[in-house]
Structures are given as C-alpha cells and as structure tokens.
Amino acid sequence: MPLFAWLLGDWYTFGLFSLIPLFIVTVYFKYIPESPRWYLSVGRLKEAENVLTDIARVNGTLRNIKDGEIKRMLKQLKERQDKDQRKNQGVWTLFTKRRVAIRTILLSIVWSMNALVYYGITLNTTSMAGNQFMNFFILSIIELPTGWMGGYLVEKTGRRWTQVVFFTLCMTGFLGAAISVTAHSNIFIILSLIISKFSVAVTSFVVTLQAMEVFPTQLRSTGSGFASTVGSVTAIAAPLIVYLGKLHILIPYLTLAFMSLIGIISSALLPETFGQSLPETLEDANNLGKNAKFWSFLPTDYKPKRRRSSFFAVIGDLANSSL
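The model shown is predicted, which means the values in this text are computed figures rather than measured ones. (Residues numbered from 1 in each chain as written. Predicted model: local features only at pLDDT ≥ 70, side-chain atom pairs only at ≥ 80, totals over all residues. Heavy atoms only, no water.)

## Here's the deal with the overall build of the protein
Here comes step 1: Within the protein, the regular secondary structure consists of 16 helices and zero strands.
Here comes step 2: Relative to its 323 residues, the protein shows a buried fraction of 42%.
Here comes step 3: Contacts in the protein between residues at least 24 apart in sequence constitute 80% of all its contacts with a sequence separation of at least 6.
Here comes step 4: On the protein, roughly 18,200 Å² of surface is accessible, and the fraction owed to carbon and sulfur atoms is 65%. (Helix = DSSP H or I, 4+ residues; strand = E, 2+ residues; numbered from the N terminus. Buried < 20%, exposed > 50% of the residue type's maximum accessible area, 1.4 Å probe, protein only. Contact = heavy atoms within 4.5 Å. Areas by Shrake-Rupley, 256 points an atom, 1.4 Å probe, with all protein chains shown as cover.)

Set out below in structure tokens:
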C-alpha cells in the first residue's frame with residue numbers, strides 16, 4: 001500500500017484504490033463458512049454440525065466419525081455452555097485469585113508495550129530521513145515471515161523466553177537507531193528499526209498465544225479481551241512518543257527502548273505454558289507454573305503430546321471456547 005500511495009500521488013485517488021480489496025472480498029464472501037463456534041454460542045446446532053461435517057470431509061476424517069457423533073458432542077457442549085453462562089463471572093473474576101490477577105496485569109503490560117512499540121515504529125517513519133513511502137514499505141514487508149518464525153520458535157524454545165529474547169532484540173534495535181542518529185547514518189537507522197519491527201511483530205504473536213494459554217477456559221475470551229483492550233487504549237500514546245522527537249530526535253528511540261525493557265521484565269515474569277494442559281478452572285490457572293523456577297527453560301513436567309486429527313482438534317477448540 002505505501003508503494004501504491006507513492007505512485008498514485010494524491011489521497012483522493014489512493015482512497016478510491018484502497019476500496020478495491022473490499023470489492024474482491026464481496027466476490028468470495030458467500031463461500032466462506034460461518035464459524036461453528038458462533039453457531040454453537042447462539043444455539044444453531046444444525047448449522048454447526050454441517051460446518052464441522054464439511055471440515056471433516058475436507059480433512060479426510062469423516063470416515064472415522066460415527067453417525068450422530070457430531071450432533072451428540074455439540075449437544076453436550078451446548079449444555080456445558082448453558083450451565084456456565086448461569087455463573088456470574090466477569091472481568092472482576094480475574095482479580096479474585098492472586099496469581100491470576102498478577103498475570104492479568106503482566107499480560108496487559110506486555111500487550112501495551114507491544115502496541116506502543118509497534119505503532120511507535122510505524123508512525124515514526126514520517127520523522128525518518130529518506131523516502132517516507134519506501135521507509136514504510138520496508139518496515140511493513142519485514143513482517144511477512146514473523147508469523148512463521150514466531151510459530152516455529154514457540155514450539156522449540158517456549159513462549160516465555162521467545163518473548164524475552166525478541167523484546168531484547170527490539171530494545172537493541174532502538175539503541176542502535178539512537179546511536180546511528182547521532183552518527184547521521186541513515187542506512188544503520190533503517191537496519192536497526194528493521195530489527196525492532198521484526199522483533200515486535202514476533203512478540204505480538206507470542207503475547208496473543210500466551211493470553212489464550214494463561215487464562216482458564218471459562219474466562220479465556222474475557223481475559224484476552226481485557227488485556228487486548230488495555231493494550232489498544234495504551235497505544236493512543238504512540239503518536240505522543242513520536243511527537244517528542246520535536247524536542248530531541250533521540251527521545252522517541254530511547255522511549256521505545258525503555259518500553260521494550262518493560263516488556264522484557266513483564267514477559268519474563270509470566271509462566272511458561274508450552275506443553276502444559278490448558279487451565280480449565282480458575283484454580284487451575286492460579287496453580288499454573290506454581291512450582292516453576294524463574295531461570296527454568298521449559299516446564300520440567302513437559303511431555304510431547306500426540307497430535308490429534310484436524311477434525312478432533314476443532315472439536316477440542318469448540319469445547320474450550322464454549323466455556
């Protein structure tokens with residue numbers, strides 16, 4: 001998009017051009033199936049059964065499913081969902097247990113630092129020397145491999161230390177950019193910010209995964225939504241960080257480096273969830289990582305899990321999301 005904005009030359013033409021993807025979406029929108037989770041949440045079990053049957057057919061697992069098995073499982077999930085909806089639980093429940101409350105705060109801080117750093121880098125491209133469009137393009141294209149990189153590393157080195165390492169790289173990049181600014185080296189400024197942008201894109205992936213694994217089943221959406229909302233509200237301050245560059249060109253880089261340091265400390269204090277069973281109750285979440293040592297790499301009781309077929313993985317996700 002930044003390259004198209006550069007080529008088109010004015011905001012009006014660029015605004016019309018940006019509508020093209022919306023028209024493309026309308027072409028195949030009717031072919032996208034509705035989420036079976038949503039069907040289940042509103043009690044439309046027949047539609048949920050049809051979608052899950054299609055998933056099983058595409059994955060080649062339909063022959064392993066007995067007649068009526070999907071319908072029976074969905075009815076059980078619906079009963080459990082209705083039972084839990086009668087319980088009076090909300091955001092305040094996250095703060096009734098000491099460890100869960102602390103982790104909710106830590107996740108909110110980590111999410112906030114991710115948002116501030118990410119948008120701080122993005123908005124600061126207007127203050128960088130050189131072509132603004134090309135700068136924005138370079139710092140955007142570097143995000144493409146981050147999803148794969150993050151997904152690979154969290155399965156090898158765990159969530160916690162992956163987050164810590166990439167926040168450290170992020171901070172290092174900002175300090176490198178600050179040094180490069182004083183040396184008037186535009187190339188090294190770009191290279192340093194590429195490191196920071198790549199790193200914060202990975203940490204953004206990891207914190208989302210951590211949020212899904214730290215909170216108990218019945219509060220998973222609530223907890224993730226709370227931390228995400230706090231991060232979004234905090235991100236409002238990102239333009240102010242960029243504006244501080246008018247006082248001194250080093251201030252935005254040093255401020256973002258400090259934000260990365262806060263991210264390092266906060267993510268290091270979160271428990272490692274790699275290979276652990278998802279907490280089903282508030283008490284489970286409170287006991288998650290209770291006996292883990294701070295300098296431990298992976299949980300001592302970690303055992304590789306046998307991979308389930310795709311269809312039954314979907315059923316498992318439905319069970320988690322419905323509570």
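## Some words on the packing of aromatic side chains
Here comes step 1: This model, assessed by the stated rule, comprises four aromatic pairs.
Here comes step 2: Ring centres of Trp 148 and Tyr 152 lie 5.6 Å apart, and the angle between their planes is 10 degrees; on these two criteria the pair is classed as stacked. Residue Trp 148 and its partner Tyr 152 are both found in helix α9 (residues 146-154); the two are separated by four residues, about one turn of the helix.
Here comes step 3: Of the residues examined, Tyr 152 reaches a relative accessible area of 42% and is grouped as partly exposed. (Phe/Tyr/Trp six-rings, centres within 6.5 Å; stacked < 30°, edge-to-face > 60°.)

## Considerations on the packing of α9 against helix α11 (residues 186-214)
Here comes step 1: The N-to-C vectors of α9 and α11 enclose an angle of 55 degrees; their axes lie 9 Å apart at closest approach. Accordingly, the angle class assigned to the pair α9 and α11 is oblique. Of the two elements, α9 crosses α11, and the hand of that crossing is right-handed. Across from Thr 146, Gly 147, Met 149, Gly 150, Gly 151 and Val 154 in α9, the residues of α11 making contact are Phe 198, Ala 201, Val 202, Phe 205, Val 206 and Leu 209. (Axes fitted to C-alpha atoms, helices over the stretch in contact; angles between N-to-C directions. Parallel < 35°, antiparallel > 145°, perpendicular 65-115°, else oblique. Left-handed = near helix turned anticlockwise from the far one by under 90°.)

## A closer look at the pattern of salt bridges
Here comes step 1: A full pass over the atoms with the stated rule returns six salt bridges.
Here comes step 2: With a closest N to O distance of 3.1 Å, Lys 197 and Glu 143 form a salt bridge. Placement of Lys 197 in helix α11 and of Glu 143 in the loop between α8 (132-141) and α9 is noted, with a sequence separation of 54 residues between them.
Here comes step 3: Taking the relative accessible area as the measure of exposure, Lys 197 reaches 2% and is therefore buried.
Here comes step 4: A relative accessible area of 21% places Glu 143 in the partly exposed class.
Here comes step 5: We note a salt bridge from Glu 213 to Arg 159, for which the minimum N-O separation is 2.7 Å. Note that Glu 213 is positioned in helix α11 and Arg 159 in helix α10 (residues 159-182), a separation of 54 residues in sequence.
Here comes step 6: Judged by relative accessible area, Arg 159 falls into the buried class, the value being 5%. (Salt bridge = Lys/Arg side-chain N within 4 Å of Asp/Glu carboxyl O.)

## Structural notes on a nonpolar patch on the surface
Here comes step 1: A contiguous nonpolar patch, built from Ile 20, Ile 24, Val 25, Val 27, Tyr 28, Phe 29, Tyr 31 and Ile 32 and spanning about 830 Å² of accessible area, is present on the exposed surface.
Here comes step 2: Looking at where Ile 20 falls in the secondary structure, it is placed in helix α3 (residues 20-28). (Patch = residues over 30% accessible without salt bridge, like charges linked within 9 Å, V, L, I, M, F, W, Y side chains within 5 Å.)

## Details of the confidence of the model for the protein
Here comes step 1: The predicted model of the protein has a mean per-residue pLDDT of 82, with 87% of residues at 70 or higher.
Here comes step 2: When pLDDT is averaged over each helix and strand of the protein, the minimum, 50, is found for helix α16 (residues 310-321) and the maximum, 94, for helix α14 (residues 251-268).
Here comes step 3: Contacts from residues 304-312, a stretch scored under 50 in pLDDT, to residues over four places away or in other chains number 15 contacts.
Here comes step 4: Every residue in residues 319-323 scores below 50 in pLDDT, and together they form 17 contacts with partners more than four places removed in sequence or on other chains. (pLDDT = per-residue confidence, 0-100.)

## Description of the environment of Phe 297
Here comes step 1: The topology assignment puts Phe 297 in the loop between α15 (282-287) and α16.
Here comes step 2: According to the relative accessible area criterion, Phe 297 is partly exposed, its value standing at 45%.
Here comes step 3: Between the alpha carbons of Phe 297 and Arg 160 there is a distance of 8.6 Å; along the sequence they are 137 residues apart.
Here comes step 4: If sequence neighbours within four positions are ignored, Phe 297 has contacts with Lys 156, Thr 157, Trp 161 and Glu 272.

## Considering the environment of Val 233
Here comes step 1: Residue position: Val 233 is located in helix α12 (residues 220-234).
Here comes step 2: For the pair Val 233 and Ser 112, spaced 121 residues apart in the sequence, the C-alpha separation amounts to 8.1 Å.

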